[in-house]
Structures are given as structure tokens and as C-alpha cells.
Amino acid sequence: MADERKQQDELDQVEQPGNEQDQFPEKEASGIADLIEEETVDVNEAMEKFDKEAGAMRKLSGMVGKAVTALAIAMSVFHMYTAFFGTLLSMRQRSLHIIFAFVIGFMLYPMSKKSKAKHGNRIPYYDYLLALVAVIVFGYLFVNFQAIAIRGGTMETQDYVLGFMAILVVLEITRRVV
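Residues numbered from 1 in each chain as written. Predicted model: local features only at pLDDT ≥ 70, side-chain atom pairs only at ≥ 80, totals over all residues. Heavy atoms only, no water.

Topic: the overall build of the chain
Per the secondary structure count, the chain includes nine helices and zero strands. Taken from the N to the C terminus, the helices and strands of the chain come in the order α-α-α-α-α-α-α-α-α. A buried classification covers 22% of the 178 residues belonging to the chain. Long-range pairs, those at least 24 residues apart, make up 69% of the contacts in the chain with a sequence separation of at least 6. Total accessible area computed for the chain in this model is approximately 13,100 Å², and 64% of it derives from carbon and sulfur atoms. (Helix = DSSP H or I, 4+ residues; strand = E, 2+ residues; numbered from the N terminus. Buried < 20%, exposed > 50% of the residue type's maximum accessible area, 1.4 Å probe, protein only. Contact = heavy atoms within 4.5 Å. Areas by Shrake-Rupley, 256 points an atom, 1.4 Å probe, with all protein chains shown as cover.)

Shown next as C-alpha cells:
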């Protein structure tokens, strides 16, 4: 009988509204949210510490960040459109792909760790200049690919200059990303 009384008292305590879990459900929920938030911070720190690529990239914000995001979305839409409808010749699609990728690459990857330390997440003028060079060089290819093909290997001075600039831009973006 004493055991039955003891069990009944324990049940009464659990069912009473004075139970701490019933009184403070938001405390328990906020504790879980705090744990989740702490884990997120730890994951981000670990990514920056161990993943060279994640730590090397700029974290853009403001108008520049929105512009780079819009450019990346435009690149995705362009590829989806041409994949479904196939409206561009391959040389034009390739040159446009390189323009998108290089401009995004120059905006997101700093020239060096010293450059990132000096400028922070701001993009220095020379990265804008390199992005412009990529647009000019591969834009030339986009616009004049038929004339280049018709010449059949006969090169003009501007072809040599732009070809040399293209090699330098490709080497620079590769050095930054890898």
C-alpha cells in the first residue's frame, strides 16, 4: 500500500502544472536554438580553418555582393536556357561562359593573402581591371569568332595581343582559384 501511495505521488508530480518543463517551455526551446547557433559558428570556423578555398574567398556584401550574386544567377539562367534551347554556337557559348566565370572569379578571389588582409572584403581596382580585360578579350572572341575562323589561321596584330592577354588572364585566375 505504501508503494502504491508513492507511485501515485510521483504521477501527481508529473501531471501538476508546477512541473518545470511545463512552466518554461520557451527556456528549453531557446536553449536548443543556442546550441544550434553555437554549432553553426563552430562549423563556419572549421570551414575557414581547414578548407583553403572557403577561407580564401571574399565575403562580399552590399551592392557589390548583390551584383556578383546577380551575375552568378544570370550565368546559371544562361546555361539552363542554352541547355534547353541550344540557341548559341559553341564558340559563342564557351566565350560567354568564360566571361561569366572569370568576372565572378576576379570578384571573389583576392590576388593573395596579403591583398585580402590589406583590403579585407573590398575589391581593389586591379581586380575590376582584370575582370574588364577578361570581358574585352573573350568578348572579342564572342563578337569576331566568324572572322577569325574565315581567316583560317592568318593572324592580325590584335589577335596576337588579345591572345597573349587571354593567356595571362587564364593563368592569373587559375593561380587564384587553385
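Thoughts on the nonpolar core
Generally speaking, nonpolar side chains in soluble globular proteins are found buried as a group. In terms of nonpolar packing, the biggest core is built from 24 residues, with Phe 102, Phe 106 and Met 107 touching the most fellow members. For this core, the elements supplying multiple residues, two or more each, are α5 (62-85), α6 (90-108), α8 (125-151) and α9 (157-177). Here this core takes eight residues from α6, the largest share from any one element. Residues within four places of Phe 102 in sequence aside, it is in contact with Ala 134, Phe 138, Val 169, Val 170 and Ile 173. (Core = buried A, V, L, I, M, F, W, Y, C linked by side-chain atoms within 4.5 Å.)

Thoughts on the packing of aromatic side chains
What characterises a pair of aromatic rings is the spacing of the ring centres plus the angle enclosed by the ring planes. Evaluated as defined, the whole model comprises four aromatic pairs. Against the face of Phe 142 rests Arg 92, its NZ or CZ located 5.1 Å from the ring centre. (Phe/Tyr/Trp six-rings, centres within 6.5 Å; stacked < 30°, edge-to-face > 60°. Lys NZ or Arg CZ within 6 Å of the ring centre and 35° of its normal.)

Concerning α9
Note: α-helices contain 3.6 residues per turn, so residues at a spacing of three or four share the same orientation. Counted at 1.5 Å a residue, the expected span for α9 with its 21 residues is 30 Å, and the 31 Å between its end C-alpha atoms agrees. All of the buried residues along α9 are Asp 159, Leu 162, Ala 166, Val 169, Glu 172, Ile 173 and Arg 176. Along α9, the residues classed as buried sweep out an arc of 155° about the axis, all on the same side. Opposite the buried face of α9, by more than 90 degrees, sit the exposed residues Thr 157, Tyr 160, Phe 164, Ile 167 and Leu 171. Packing partners of the buried residues in α9 comprise α6 and α8. (Expected span 1.5 Å × (residues − 1). Arc of directions from axis to C-beta.)

Some remarks on the confidence of the model for the chain
Confidence along the chain averages 78 in pLDDT terms, with 65% of residues attaining 70 or more. Mean pLDDT values over the elements of the chain span from 52, in helix α2 (residues 20-23), up to 92, in α9. (pLDDT = per-residue confidence, 0-100.)

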